Amino acid sequence: MQHIAIPQDQGFSFGHSINDLFRLMMDLERQPEGAVTLDFSQCRFLNPIFLLGARLIAQHYQRLGRPIILNTQCHNRFFHEYLQLTHFTEGFQPATLSAEACNEVLQGYYPKTYLPLTVFPLGLSDEATSIRENLQAAIASHIKTRLSLSGQVYESVSYLITEMVNNINDHSRQQHGYLFTQFYSSKGYIDIGFADIGIGFLGSYQLTGHSTISTHEAAIRAGRLGQSTKDDPQRGFGFRTSRSLLVDGLGGKYFLFSGDAFLYNDKETPETIRTLKINPLIAWPGALVAMRIPMIASQDFNIYTYLE
Amino acid sequence: MLFCVISYMKIARTIFVCSFLGTASLHTREQAQRLIQETEIAMLHHQPVWLDFTGIDFMSRSFADEFLKLAALWKRDHQFDWLGFSPTLAKMLDMVAKSRSKQSNSSKEIPFVTVTDESVLYRFFEAV
C-alpha cells in the first residue's frame, strides 16, 4: 500500500493550505496504482480548507475505484479530538436529523472556534430545500452570536454563505455539497470552504447548451462576468458579487478552483485566472471555493456598494 | 342588499414572515415561493393581505429576486403589500429591484495565465 504523510502543521497562512492541497493532489497522481493511505497521524494543526479538500479528493478517487484510506489516528491528542469533533472524515449530516436536532448539535459548538465538516443535501425536493434553509439559518445564527457579529459584517457573512450554498445546489448536479469553517477571533477572520465533486463550471455551462465555452478557464471567466447558465439576465450575480464583497469590500481572500483552472484574488493580488498545465496534471472535480473573511470592516464599508 | 355587500367584503390579514417560514433569515428562492403561495391562498379570503417582515435580520439576493418577481405578478391585480422591513432589508430589496432593469453581464477583462511550472505555483501561494 502506498503512503502519503499529511503535513504536520500549516500555520495560519491561507496560501500554505492551498499549496498543501495542490501537493496532495500531485502526490496522489504520482502514486503507482493501488490503495493509498493518507496519513494524518503526525498532524498538529491543519486549516479547514485543506481538510475539506483532502476529504473530497479522497472521495473522488474512491469513486474512480481507487481505494484511499484516511488514517486519522493522530498522536497529538488535541488535534485528534478536533478531527473527531468536526466529524472528519464522514461529515456532519443534517439530513439524518430533524431540524431541532440539527440546531441542537450546532448549538453544542457554541464554545468552539469551528463548526463540523458539514454535508448538506442538494436538490429541489422540499425535504432537501428545507434542510438547507434550516442549516443556513443555523450557521448564520451561530456565527452571529458566537462571533458577536452585527450589522453589515453579519449580513456579508450570511450573504457569502447563502450564495455559495445556493450555487452548489444550482450547478453541481450532485446529491451533496460540503462546507467547513474555522473562526480565528483573535486574528479577526473566518476561514470557510465550500465544495462539491460535481460537474464543475465547465460542465454546468456545457450541459445547458453553452457549447462555445469549452475550457475550464473560459467557464470560470463566464461565471465571473455574470453569464448565467440559464441565460436569465437577472441571474448570475452570485459569483461576481461575492468576490467583490469579500475582496473589494471586506479586504478578504478569495480562491475558486474548478477543473484545471483557478481564480485567486485579494487586496494585494489582482484577480487572475490561472490554468494548470503542470506535470502531473491535476484538476478539481467540481468546484471548490475558499474564503478568508475579515470580521471587522472599515468604517465606510457599505455592503450594497458591492452587490450591484 | 346589505347582506350581499357584507359577504363580498374581505377582511385584512397579516402574514408574519418570521413565524410563517420559521426563521429570522431568508436564504432561498423556495422560501420566497412558499411565502407568495401562502399570500395567494390568503387572498382568496382576505384583502388586503399584509406581509410583515418584522424580526427578519437577513434576506439573500436570491430570495429578494424571487420575491420581487412573483410579487410583481400579484400586485397588478391584487391588494397586498408588505411592512416591517429593517433599513437593511429595504436596501437589499431596493438594490435587487434596480438591478432587475439592467443586464447582469460585466465586460471586465480578467487576466489569464498558464502555469507550467510547479514551483511557480507554490511560490505564488506562499506569498498570499
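As the structure is a computational prediction, the values presented were derived from the model and not from experiment.

Cut-off values and rules
Residues numbered from 1 in each chain as written. Chains lettered and ligands numbered in written order. Predicted model: local features only at pLDDT ≥ 70, side-chain atom pairs only at ≥ 80, totals over all residues. Helix = DSSP H or I, 4+ residues; strand = E, 2+ residues; numbered from the N terminus. Rg over C-alpha atoms; globule rule 2.2 N^0.38 Å. Contact = placed C-beta atoms within 7 Å. Buried ≥ 20, exposed ≤ 12 C-beta atoms within 10 Å, placed from the backbone. Pairing = 2+ DSSP bridges. Axes fitted to C-alpha atoms, helices over the stretch in contact; angles between N-to-C directions. Nonpolar A, V, L, I, M, F, W, Y, C, P; charged D, E, K, R; others polar. Arc of directions from axis to C-beta. Core = buried A, V, L, I, M, F, W, Y, C linked by C-beta atoms within 7 Å. pLDDT = per-residue confidence, 0-100. Expected span 1.5 Å × (residues − 1). Parallel < 35°, antiparallel > 145°, perpendicular 65-115°, else oblique.

On to the overall build of chain A, then. Tallying secondary structure elements over chain A gives nine helices and ten strands in all. Here chain A has a C-alpha radius of gyration of 19 Å; the compact-globule value for 308 residues is 19 Å, and the two agree. Over its C-alpha atoms, taken along the principal directions, chain A stretches across nearly 50 × 50 × 45 Å. Intrachain contacts of chain A at a sequence separation of at least 6 include 72% that bridge at least 24 residues.

Along the backbone of chain B there are six helices and six strands. Counting every position in chain B, which comprises 128 residues, the buried fraction comes to 27%.

Residue and element names in this part refer to chain A. Strands sit in the order E1-E2-E3 across an open sheet of three strands; the sheet is parallel. A single partner strand is all that each edge strand has here, and the edge strands are strand E1 (2–5) and strand E3 (68–71). Recorded for the sheet is a direction-independent mean angle of 20° between the axes of neighbouring strands. Across four bridges, the pairing between strand E2 (residues 36–39) and E3 is parallel.

With 45 residues of chain A at the interface, the matching set in chain B holds 36 residues. Elements that contribute at least two residues to the side of chain A that touches chain B include exactly helix H1 (14–30), helix H5 (126–146), helix H6 (151–171), helix H8 (216–224) and strand E9 (272–276) of chain A. It is H5 of chain A that contributes the most residues to the side of chain A that touches chain B, six residues altogether. Residues of the side of chain A that touches chain B, tallied by class, amount to 16 nonpolar, 15 polar and 14 charged. In the sheet, E9 of chain A pairs with strand E6 (residues 112–115) of chain B via four bridges, with the strands oriented parallel. When the sheet's bridge partners are listed, Ile273 of chain A is paired in E6 of chain B with Phe112 of chain B.

All names here are of chain A. Listed in full, the buried residues belonging to helix H3 (residues 77–85) are Phe79, Tyr82 and Leu83. End-on, the buried residues of H3 take up no more than an arc of 95°, which puts them together on one face. The outward face of H3, more than 90 degrees from its buried face, is lined by the exposed residues Arg77, Phe78, Glu81 and Gln84. Just beyond H3, the residue with positive phi is His87, at close to 60°.

Sheet strands pair by backbone hydrogen bonding; their relative direction is either parallel or antiparallel. Residues and elements named next belong to chain B. Here we have three strands laid out as an open sheet, ordered E1-E3-E5, and parallel in their pairing. Each edge of the sheet is formed by a strand with only one pairing partner; in this case those strands are strand E1 (11–16) and strand E5 (80–83). Averaged over all adjacent pairs, the angle separating strand axes in this sheet is 25°, with direction ignored. Against the sheet, helix H3 (residues 29–45) touches E1, strand E3 (46–52) and E5, its axis set at about 150° to E3.

Moving on: the nonpolar core. Core analysis: the largest hydrophobic core is formed by 116 residues, its most contacted members being Leu160, Leu256 and Ile293 of chain A. Once residues lying within four places of it in the same chain are set aside, the contact partners of Leu256 of chain A are Ile220, Phe262, Leu263, Ala287 and Val289 of chain A.

On average, residues of chain B carry a pLDDT of 83, and 84% of them reach 70 or more. In the predicted complex, the global pTM is 0.88; the interface-specific ipTM is 0.90.

Our next topic: unusual backbone geometry. All names here are of chain A. Cis geometry is adopted by the peptide bond preceding Pro280, which originates at Asn279 and carries an omega value of 0°. Relative to the helices and strands, Pro280 resides in the loop between E9 and strand E10 (284–294). One non-glycine residue, His87, adopts positive backbone phi at about 60°. Tracing the chain through its elements places His87 in the loop between H3 and helix H4 (99–107). In this structure, Ser148 is a non-glycine residue whose phi angle is positive, near 50°.

Residues and elements named next belong to chain A. Across its 16 residues, helix H2 (residues 48–63) extends 22 Å between first and last C-alpha, which sits within 8% of the 22 Å expected from 1.5 Å per residue. In terms of residue burial, H2 counts as a mostly covered element, since twelve of its 16 residues are buried. Residues of H2 that are buried: Pro48, Ile49, Phe50, Leu51, Leu52, Gly53, Ala54, Arg55, Leu56, Ile57, Ala58 and Tyr61. Just past H2, the residue Gly65 takes up positive phi, approximately 95°.

For the rest of this paragraph, the subject is the pairing of E9 of chain A. As a general feature of sheets, a regular strand has side chains that alternate between the two faces. Residue and element names in this part refer to chain A. The buried fraction of E9 amounts to four of the five residues, a majority that puts the element mostly inside the structure. Two strands pair when backbone bridges link them, and strand E8 (residues 261–265) and E9 are joined in this way by four bridges, in the antiparallel orientation. Along E9, the bridge assignment pairs Phe262 with Arg274. In sequence, E8 turns back onto E9 through a hairpin of six residues.

The predicted model of chain A averages 93 in pLDDT, with 100% of residues at 70 or higher. At the low end of the mean pLDDT range in chain A sits H5 of chain A, at 90; at the high end sits strand E7 (residues 253–259) of chain A, at 98.

Quick look at the environment of Phe12 of chain A now. All names here are of chain A. For Phe12, the location among the structural elements is in the loop between E1 and H1. Spatially, the C-alpha atoms of Phe12 and Ile303 are 27 Å apart, while their sequence positions differ by 291 residues. If we ignore the near neighbours within four places in the chain, the residues touching Phe12 are Tyr184 and Lys187.

Our focus in this paragraph is the packing of H1 of chain A against helix H6 (residues 118–126) of chain B. Packing of H1 of chain A against H6 of chain B brings their axes to within 8 Å, and their N-to-C directions diverge by 155°. When the axes of H1 of chain A and H6 of chain B are compared, the pair comes out roughly antiparallel. Contact residues: H1 of chain A offers Gly15, Ile18, Asn19 and Phe22 of chain A, while H6 of chain B offers Leu121, Tyr122, Phe125 and Glu126 of chain B. Split into classes, the residues belonging to the contact of H1 of chain A with H6 of chain B amount to five nonpolar, two polar and one charged.

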